[in-house]
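# Structural characterization, general
The primary structure of each chain is shown beneath.
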Amino acid sequence: ALVSEGLGSALLPLLSPSTPKQTAELALRLLSAASKHAAPDLSQRLLKDGVLPALLPLLALALGDAVAVRVAALLHALADSPSSRFRLLHGGAVRALTRAVVEPASSSSLRGAR
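Thresholds applied
Residues numbered from 1 in each chain as written. Predicted model: local features only at pLDDT ≥ 70, side-chain atom pairs only at ≥ 80, totals over all residues. Heavy atoms only, no water. Helix = DSSP H or I, 4+ residues; strand = E, 2+ residues; numbered from the N terminus. Buried < 20%, exposed > 50% of the residue type's maximum accessible area, 1.4 Å probe, protein only. Contact = heavy atoms within 4.5 Å. Areas by Shrake-Rupley, 256 points an atom, 1.4 Å probe, with all protein chains shown as cover. Core = buried A, V, L, I, M, F, W, Y, C linked by side-chain atoms within 4.5 Å. Polar contact = N/O pair within 3.5 Å; in protein donor to acceptor, adjacent residues only side chain to side chain. Axes fitted to C-alpha atoms, helices over the stretch in contact; angles between N-to-C directions. Parallel < 35°, antiparallel > 145°, perpendicular 65-115°, else oblique.

We now examine the overall build of the protein chain. Scanning the protein chain from N- to C-terminus turns up eight helices and zero strands. Its helices and strands in sequence order give the protein chain the pattern α-α-α-α-α-α-α-α, from N to C terminus. With 114 residues in all, the protein chain has 40% of them scored as buried. For the protein chain, the share of sequence-separated contacts (at least 6 apart) that also reach a separation of at least 24 residues comes to 63%. Working note: accessible area of the protein chain is about 6,300 Å², and carbon and sulfur atoms make up 60% of it.

With that settled, the discussion passes to the nonpolar core. Leu 15, Leu 28, Leu 31, Leu 55, Val 71 and Leu 75 are the most contacted members of the largest nonpolar core, which has 26 residues in total. Mapped onto this core, the elements with two or more residues apiece are helix H1 (7-11), helix H2 (21-37), helix H3 (42-48), helix H4 (51-60), helix H5 (65-78) and helix H7 (93-102). No other element matches H4, which puts seven residues into this core. When near neighbours in sequence (up to four residues on either side) are disregarded, Val 71 contacts Leu 28, Leu 55, Leu 58 and Leu 59.

Time to look at the side chain of Ser 81. When you line up the elements, Ser 81 lands in the loop between H5 and helix H6 (82-90). Polar contacts involving the side chain of Ser 81 include one to the side chain of Gln 44, which spans 3.5 Å.

As a further point, take the packing of H4 against H7. Viewed as axis vectors pointing N to C, H4 and H7 meet at an angle of 10 degrees, and their least axial separation amounts to 9 Å. Considered as vectors, H4 and H7 are oriented roughly parallel to each other. Mapping the contact onto sequence places Leu 52, Leu 56 and Leu 59 in H4 and Ala 93, Ala 96, Leu 97 and Ala 100 in H7.

Function-wise, these values are silent; they only describe arrangement.
In structure tokens, the structure reads:
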């Protein structure tokens, strides 16, 4: 039901760079839970809702390790089918994750996961 109501587009305002850290974390938790427990095609629906362009800037912001790790975990969960992986790849997710891990100012939690 949440997916059919446009969960991704409903949460987009909560994923903006100006959103408080705690609000962004809660939105990421909700998206992660939905991606694990909802319909099989949820990843494709979320990516079509425009969630990816909202997630990638969160990796570059200094919102803390918790947010960066949640974004990385959510991107991993969204890569559950060939078409979703294709959307992630061409949407810049691999480039953004690589940049987030390699840059000196990146999250220490992400660097430790290498």
